[in-house]
Amino acid sequence: MRVTKLLSLIRNRHLVQKFDDRMVAPEAIEAVLEAARYAPSAREAQPWRFVVIQEALLRHEVAAAAFNHPHVRTAPVVIVCCARIHSHVSGNGRPSFPVDIAAAAQTLIIAAADLGLHSSWICGFKESEVQRVVGIPGDVPVVALICLGYQAGLADLPERIPHEDAIAWDRWALPDGRTPLR
Ligand SMILES: Cc1cc2nc3c(=O)[nH]c(=O)nc-3n(C[C@H](O)[C@H](O)[C@H](O)COP(=O)(O)O)c2cc1C
């Protein structure tokens, strides 16, 4: 398989272990948010709303709402990913907004990697606390926090489950009854 620049970027994106305190240029923040705005969304709802937190004091309050996660405490930029429209239910009976926001967040992360930035995705937080601290209305879900900055230490690349455990062709199970997907 030909490994394109994009595929290589996706494969080699490391989870940050520690953030450096180096600031992120406003143009870089704008660029990653611009990428996120171009993510797909169910019914083109584009429910994402992003609040960019840079103020140190505020970031510490958000970190407190995220069980004092060190990434939230130390990243120079924390992007609070919210959903404005959350009433749409997809044909599969599930609300579409978490998927829409995830698509935007992942697009943002890949765009950040392309700019030499590192990111950390955090869903462990008290939603009502994040809403209170940032002034987000109670009916606007907070789906994720994306910490952004330059790394001062990288985690090991996590092992991915093998190709054959993750992907099947045409059917979940093979005709002989073996189930390739685990
Ligand atoms: C939806 C989602 C939620 C996550 N929430 C947290 C979290 O609350 N705390 C944390 O330390 N990491 C969190 N992570 C980061 C994952 O643990 C990390 O992505 C995983 O270890 C794989 O590493 P990688 O990002 O280098 O591929 C989250 C990642 C995703 C995609």
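Definitions and limits used
- Residues numbered from 1 in each chain as written.
- Predicted model: local features only at pLDDT ≥ 70, side-chain atom pairs only at ≥ 80, totals over all residues.
- Heavy atoms only, no water.
- Near = heavy atom within 4 Å.
- Polar contact = N/O pair within 3.5 Å; in protein donor to acceptor, adjacent residues only side chain to side chain.
- Areas by Shrake-Rupley, 256 points an atom, 1.4 Å probe, with all protein chains shown as cover.
- Nonpolar A, V, L, I, M, F, W, Y, C, P; charged D, E, K, R; others polar.
- Salt bridge = Lys/Arg side-chain N within 4 Å of Asp/Glu carboxyl O.
- Helix = DSSP H or I, 4+ residues; strand = E, 2+ residues; numbered from the N terminus.
- Buried < 20%, exposed > 50% of the residue type's maximum accessible area, 1.4 Å probe, protein only.
- Pairing = 2+ DSSP bridges.
- Axes fitted to C-alpha atoms, helices over the stretch in contact; angles between N-to-C directions.
- Contact = heavy atoms within 4.5 Å.

**Describing the site of the ligand**
Phase 1: Neighbouring the ligand are the residues Arg-13, His-14, Leu-15, His-69, Trp-121, Ile-122, Cys-123, Gly-124, Pro-158 and Arg-160.
Phase 2: Between Arg-13 and the ligand, the recorded distance is 3.1 Å, taken from a side-chain N or O atom to an oxygen atom.
Phase 3: Burial of the ligand by the protein amounts to 59% of the accessible area it has alone, namely 620 Å².
Phase 4: Each residue belonging to the shell around the ligand can be placed in one class, and the counts come to 5 nonpolar, 3 polar and 2 charged.

**Some remarks on the pattern of salt bridges**
Phase 1: Enumeration according to the criterion identifies 3 salt bridges in this entry.
Phase 2: When the shortest N-O distance is used, the salt bridge between Lys-5 and Asp-114 registers 2.9 Å. Of this pair, Lys-5 sits in helix H1 (residues 5-12) while Asp-114 sits in helix H5 (residues 97-114), and the two are 109 residues apart along the sequence.
Phase 3: Accessibility expressed as a relative area gives 62% for Lys-5, which makes it exposed.
Phase 4: Overall, Asp-114 belongs to the partly exposed group, its relative accessible area being 43%.
Phase 5: Between Glu-129 and Arg-132 there is a salt bridge, with the nearest N and O atoms lying 3.0 Å from each other. Of this pair, Glu-129 and Arg-132 are both found in helix H6 (residues 127-134), 3 residues apart, which corresponds to roughly one turn of the helix.
Phase 6: Since its relative accessible area comes to 54%, Arg-132 is described here as exposed.

**A short note on the sheet that holds strand S3 (residues 77-83)**
Phase 1: With antiparallel pairing, the 4 strands of this open sheet are ordered in space as S2-S3-S5-S4. Two strands close off the open sheet at either side, each with one partner strand: strand S2 (48-53) and strand S4 (118-122). Neighbouring strand axes in the sheet, compared pairwise and without regard to direction, differ in orientation by 20° on average.
Phase 2: As paired strands, S2 and S3 are joined by 6 bridges and run antiparallel to one another. Note that in S3 the partner of Ile-53 across the bridge is Val-78.
Phase 3: The strands that H5 touches are S2, S3, S4 and strand S5 (142-149); relative to S5, the one it contacts most, it runs at about 5°.

As far as function goes, none of this settles anything; it's purely spatial.
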